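These are the residues of each chain, in order.
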Amino acid sequence: MASSPSKPRIVVVGSMNMDLVVRADRIPAPGETVLGGECLQWPGGKGANQAVAAARLGADCAMVACVGDDAFGAVLKGGLVREGINVDHVRTAAGTASGAALIVVDAAGRNAICVAPGANRLLAPEDVCRAEGAIRRADAVLVQFETPMETVAEVVRLAKSAGVQVFVNPAPAARAPDDVLSADVLIPNASEAAAMSGLEIDDPASAILAARRLMERGAQAVAVTLGEAGCVWVDAGGALQVPAFQVPVVDTTAAGDAFVAAFAVARIRGDDTPMALRYACAAGALTCMRAGAQPSLPGAREVEAFLYGNPS
Ligand code: ADP
């Protein structure tokens, strides 16, 4: 991956989806047809969201992914190129549909989502091996659970053998072997941390207990994001709690993706843990202030201006 030495080099291995969003008065019941508004097409997928977030925050970013040979695939790949993301390892699979998410949002802002993984299911360990050079040159690798678990396992194995930090965002929650969880930093949200630890999470203290349980499965450190309650951090040195920023919330989609990417960028830059968590919470909060996934992800200047004006 071509890069300037001062930029954090990040490889993201993960999903790319086209989100098709329709607003309607209510979510249709089974068998029912409801007339809604305009159908909006928004590029999404946790992997692509994290790559876009990292690039906007100043990282030199490369994506490892798989799209279909349909119109969505070309649009999704073109969108990453426009963000300055390297797509040499985004494979186009013949005869396959790209990943898509069908989203209906009702008048109260609640949603119903059906994801068609499409080509994301074809992202294989061999795709990761083909990107070995870029992974070895990276400062960090980010991976999520929207692609096959054996592919995620290969990412963690390769990053560790190369001595490259690996950040695992176990979303959506899935059964994962301990070698996948043995990341440098595991970043679940509250429901994912609850599902993986088997513990209920209803406040920062219970999130810290769940994080400790996940460390027993091999994670070097765990950050549990707690939405409007901020996040907690646990590593061998102890635990930390960081409150969220108070912002007018429009749509929380992709807040977690912004958090993961921002935390990685800050760590690579050399921020200490409290500073990096604060930076990540700021990126997450800013993402909540706008609608959509990728359109809402903030840039570096915006996060810095927000933090500078919020000396909390
Ligand atoms: P996910 O989107 O994966 O469910 P969270 O909802 O936990 O992740 O959000 C990730 C981070 O974004 C949180 O740790 C927090 O810092 C920020 N965030 C999320 N929701 C809000 C909110 N309502 N107000 C302020 N910050 C938020």
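Above: the structure in question.
Residues numbered from 1 in each chain as written. Predicted model: local features only at pLDDT ≥ 70, side-chain atom pairs only at ≥ 80, totals over all residues. Heavy atoms only, no water.

### What about the state of the cysteines?
Note on terminology: a disulfide is the covalent bond linking the sulfur atoms of two cysteines.
Then step 1. Tallying each qualifying case throughout the model produces zero disulfides.
Then step 2. A disulfide-free cysteine, Cys 39 has its sulfur positioned 14 Å from the sulfur of Cys 114, the nearest such atom.
Then step 3. For Cys 39, a relative accessible area of 45% corresponds to the partly exposed category.
Then step 4. For Cys 288, which is in no disulfide, the shortest distance to another cysteine sulfur is to Cys 281 and amounts to 10 Å. (Disulfide = S-S within 2.5 Å. Buried < 20%, exposed > 50% of the residue type's maximum accessible area, 1.4 Å probe, protein only.)

### So, the pattern of salt bridges
Then step 1. Within this structure, the stated rule accounts for ten salt bridges.
Then step 2. Residues Glu 132 and Arg 136 are paired through a salt bridge, measuring 2.7 Å at the closest nitrogen-oxygen approach. Residue Glu 132 and its partner Arg 136 are both found in helix H4 (residues 132–137); the two are separated by four residues, about one turn of the helix.
Then step 3. A relative accessible area of 41% places Arg 136 in the partly exposed class. (Salt bridge = Lys/Arg side-chain N within 4 Å of Asp/Glu carboxyl O. Helix = DSSP H or I, 4+ residues; strand = E, 2+ residues; numbered from the N terminus.)

### Structural notes on the packing of aromatic side chains
Then step 1. Applying the stated criterion across every chain yields a total of four aromatic pairs.
Then step 2. Aromatic side chains Trp 233 and Phe 263 sit 5.4 Å apart centroid to centroid with 45° between the ring planes, which places their arrangement in the tilted category. With Trp 233 in strand E12 (residues 231–235) and Phe 263 in helix H9 (residues 255–269), this residue pair connects regions lying 30 residues apart in the sequence. Here the two residues Trp 233 and Phe 263 agree in accessibility, since each one is buried.
Then step 3. Pairing Phe 245 with Phe 306 gives two aromatic rings, centres 5.1 Å apart and planes at 70°, and the pair type is edge-to-face. Of the two residues, Phe 245 is situated in the loop between strand E13 (238–242) and H9 and Phe 306 in helix H11 (residues 300–308); the sequence distance between them amounts to 61 residues.
Then step 4. Among the aromatic residues, ring-to-ring pairing joins Phe 167, Trp 233, Phe 259 and Phe 263 into one connected group.
Then step 5. The positively charged end of Arg 269 is found above the aromatic ring belonging to Tyr 279, 4.5 Å away from the centroid. (Phe/Tyr/Trp six-rings, centres within 6.5 Å; stacked < 30°, edge-to-face > 60°. Lys NZ or Arg CZ within 6 Å of the ring centre and 35° of its normal.)

### Section: the site of the ligand
Then step 1. Residues in close proximity to the ligand total 17 residues, the closest being Asn 189, Thr 225, Gly 227, Gly 230 and Gly 256.
Then step 2. Contact distances for the ligand include 2.8 Å between an oxygen atom and a side-chain N or O atom of Thr 225.
Then step 3. Contact distances for the ligand include 3.0 Å between an oxygen atom and a backbone N or O atom of Gly 256.
Then step 4. With the chains in place, 84% of the 550 Å² that the ligand exposes on its own is no longer accessible.
Then step 5. Listing elements by their share of the shell around the ligand, those giving two or more residues are H9 and helix H10 (273–288).
Then step 6. Sort the elements by how many residues they give to the shell around the ligand and H10 lands first, with four residues. (Near = heavy atom within 4 Å. Polar contact = N/O pair within 3.5 Å; in protein donor to acceptor, adjacent residues only side chain to side chain. Areas by Shrake-Rupley, 256 points an atom, 1.4 Å probe, with all protein chains shown as cover.)

### Some thoughts on the sheet that holds strand E3 (residues 36–44)
Then step 1. A sheet is described by the order of its strands in space; here four strands give the open sequence E3-E2-E6-E7, paired in mixed fashion. Unpaired on one side and paired on the other, E3 and strand E7 (111–116) mark the two borders of the sheet. Adjacent strand axes in the sheet meet at a mean angle of 15° when their direction is disregarded.
Then step 2. Both strand E2 (residues 17–24) and E3 contribute to a ladder of seven bridges, which runs antiparallel. For Met 18, the partnering residue across the bridge sits in E3 and is Pro 43.
Then step 3. The strands touched by helix H2 (residues 71–82) within the sheet are E2, E3 and strand E6 (99–105), with E2 carrying the most contacts at an inclination of about 100°. (Pairing = 2+ DSSP bridges. Axes fitted to C-alpha atoms, helices over the stretch in contact; angles between N-to-C directions. Contact = heavy atoms within 4.5 Å.)

### A look at the nonpolar core
Then step 1. Counting 59 residues, the largest nonpolar core has Met 16, Met 63 and Phe 263 as the members making the most contacts within it.
Then step 2. Non-local contacts of Met 63, meaning those with residues more than four positions away in its chain, are made with Val 12, Gly 14, Ser 15, Met 16, Gly 47, Ala 48, Ala 51, Leu 80, Ile 85, Asn 86, His 89 and Val 90.
Then step 3. In this structure, Cys 66, Leu 158, Ile 201 and Ala 211 belong to the second largest nonpolar core, which totals 43 residues. (Core = buried A, V, L, I, M, F, W, Y, C linked by side-chain atoms within 4.5 Å.)

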